[in-house]
Amino acid sequence: MTFVKRLISMGNILQVDMVETITSYIPSGKISNVYALTETGKIASETENASNLSVGKLNPGVHAKIVNEAGEKLGVGDVGELCVKTQTEFMEYFNNPKATAAARDSDGWIRTGDLANFDDNGHLIIRGRKKFILKHNNFHVSPVELEEILCRHPDVLQVAVVGVPDPLFNDLPAAVVVRRENSTIDEEEFLKFLEGKIVDFKKLRGGIYFVKELPTTPSGKIKTFHTKTTVIVNKTTPQRLMSIVSSRLHTLPPAVTLNIFSVLRRSSLPLKKSLQVISFFLPQVIFLLH
């Protein structure tokens, strides 16, 4: 489509593989990645085809800072919540003074609720919604980062990374994948694909699930909570529970592990129930041993 000169993307993070695909269809055009909020108006825009999830540089009249949980300003490269001041800020949420007050910090900066960082060139990179960040064993895991890596696989059409609730590790990162037509790739192949691309605490210990489609909003955004509850929680098979349990047992002495399985083997509980019992009581056992 050589007649297309400019394509504007906004409303969600534009994955690198999607940029490459779109670019192949508009050889004479460029993609503008725009970042904006209803409460602030346009914040930043990328006028060149981005290769690092960047939404570009700040628009004229926009001021921004990246802060940690304590509200302290962070430096270049550090990821934290993005707070901004613009010339087109909203006045208030209608009949909701509590939400209006919570939208700004004590210095009047609007909290975007997005995690982000600036690179050395002043480009703003959005890492994901703060409320969707996973916490695994006290480490923060960005679903967007993992999704961007998984989307590089040629057999992936669509992917969502969510957390499987875990009483010991908080969240076990899991991927829900829509494969391309006629693809037969399985979980083992995906795990091999990820080797060397992610650090240990970001590994998909919650598993990889294959579905025909992901639940989305009318605008095309993936319903993260709906995906998590309907696909992850409701598809906890004995095999998946065994995988989750195995990821914990390595922290116990071998003798304790053998005793646990010995007791359950003599019980009349079915496999799935036995694994659920282990999954529930392991945190207490580990706590007592340490």
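Residues numbered from 1 in each chain as written. Predicted model: local features only at pLDDT ≥ 70, side-chain atom pairs only at ≥ 80, totals over all residues. Heavy atoms only, no water.

On to the overall build of the protein. When its secondary structure is counted, the protein shows 8 helices and 13 strands. Going through the 290 residues of the protein one by one, you find that 42% of them count as buried. The contacts in the protein between residues at least 6 apart in sequence include a share of 58% that link residues at least 24 apart. As displayed, the protein has an accessible area near 16,700 Å², and 55% of this comes from carbon and sulfur atoms. (Helix = DSSP H or I, 4+ residues; strand = E, 2+ residues; numbered from the N terminus. Buried < 20%, exposed > 50% of the residue type's maximum accessible area, 1.4 Å probe, protein only. Contact = heavy atoms within 4.5 Å. Areas by Shrake-Rupley, 256 points an atom, 1.4 Å probe, with all protein chains shown as cover.)

Attention shifts here to the side chain of N117. Following the sequence through the fold, N117 ends up in strand 7 (residues 110-118). In contact with N117, not counting residues within four places along its chain, are I66, G77, D78, V79, H123, L124, I125 and R127.

Turning next to the sheet that holds strand 1 (residues 6-9). Spatially, the 4 strands line up as an open sheet ordered 1-2-3-4, and their pairing is mixed. A single partner strand is all that each edge strand has here, and the edge strands are strand 1 and strand 4 (57-58). Strand direction decides the pairing type here: strand 3 (residues 41-46) and strand 4, joined by 2 bridges, are antiparallel. Residue S45 lies in a different strand from strand 4, and its bridge partner there is K57. (Pairing = 2+ DSSP bridges.)

Turning to the confidence of the model for the protein, a few remarks are in order. On average, residues of the protein carry a pLDDT of 80, and 75% of them reach 70 or more. Predicted confidence is poor over residues 283-290, with pLDDT under 50, and the contacts of this stretch with residues over four places away or in other chains come to 13 contacts. (pLDDT = per-residue confidence, 0-100.)

Moving on, we come to the pattern of salt bridges. Under the definition given, this model contains 10 salt bridges. Residue K65 pairs with D105 through a salt bridge whose shortest N-O separation is 3.1 Å. One end of the pair, K65, is in strand 5 (residues 63-67); the other, D105, is in the loop between helix 2 (97-102) and strand 7, with 40 residues separating them in the sequence. The pair formed by K65 and D105 is uniform in burial state, with each residue classed as buried. The residue E188 makes a salt bridge to K192 at a minimum N-O spacing of 3.9 Å. In this pair, E188 and K192 are both assigned in helix 4 (residues 187-194), 4 residues apart and thus about one turn of the helix distant. Both residues of the pair, E188 and K192, belong to the exposed class. (Salt bridge = Lys/Arg side-chain N within 4 Å of Asp/Glu carboxyl O.)

What follows concerns the sheet that holds strand 6 (residues 80-85). With antiparallel pairing, 4 strands are arranged side by side in an open sheet as 5-6-7-8. With one partner strand each, in any of the chains shown, strand 5 and strand 8 (124-129) form the two edges of the open sheet. For this sheet the average axis-to-axis angle between neighbouring strands, irrespective of direction, equals 45 degrees. Direction of pairing for strand 5 relative to strand 6: antiparallel, over a ladder of 5 bridges. (Axes fitted to C-alpha atoms, helices over the stretch in contact; angles between N-to-C directions.)

Moving on: the packing of aromatic side chains. All chains considered together, the criterion is met by 3 aromatic pairs. Ring geometry for F139 versus F201: centroids 4.3 Å apart, planes at 10 degrees, classification stacked. Placement of the pair is F139 in strand 10 (residues 139-141) and F201 in the loop between helix 4 and strand 13 (207-210), with a sequence separation of 62 residues. Stacked on the ring of F210, the Lys or Arg R179 has its end atom at 4.0 Å from the ring centre. One Lys or Arg, K197, reaches over the ring of F193 and ends 4.3 Å from the middle of that ring. (Phe/Tyr/Trp six-rings, centres within 6.5 Å; stacked < 30°, edge-to-face > 60°. Lys NZ or Arg CZ within 6 Å of the ring centre and 35° of its normal.)

On the surface, a nonpolar cluster with roughly 400 Å² of combined accessible area is contributed by M1, F3 and Y25. As for its position among the elements, F3 is in the segment before strand 1. (Patch = residues over 30% accessible without salt bridge, like charges linked within 9 Å, V, L, I, M, F, W, Y side chains within 5 Å.)

Turning next to the nonpolar core. In this structure, L150, V159, A175, V177, F190, L194 and L204 are the most contacted members of the largest nonpolar core, which totals 18 residues. Broken down by secondary-structure element, the contributors of at least two residues to this core are helix 3 (143-150), strand 11 (156-166), strand 12 (170-179) and helix 4. Those residues in contact with L204 that lie beyond four places of it in its chain are L146, L150, P173, A174, A175 and L194. Formed by 16 residues, the second largest nonpolar core is a distinct cluster that contains A44, V84, A116 and I126. (Core = buried A, V, L, I, M, F, W, Y, C linked by side-chain atoms within 4.5 Å.)

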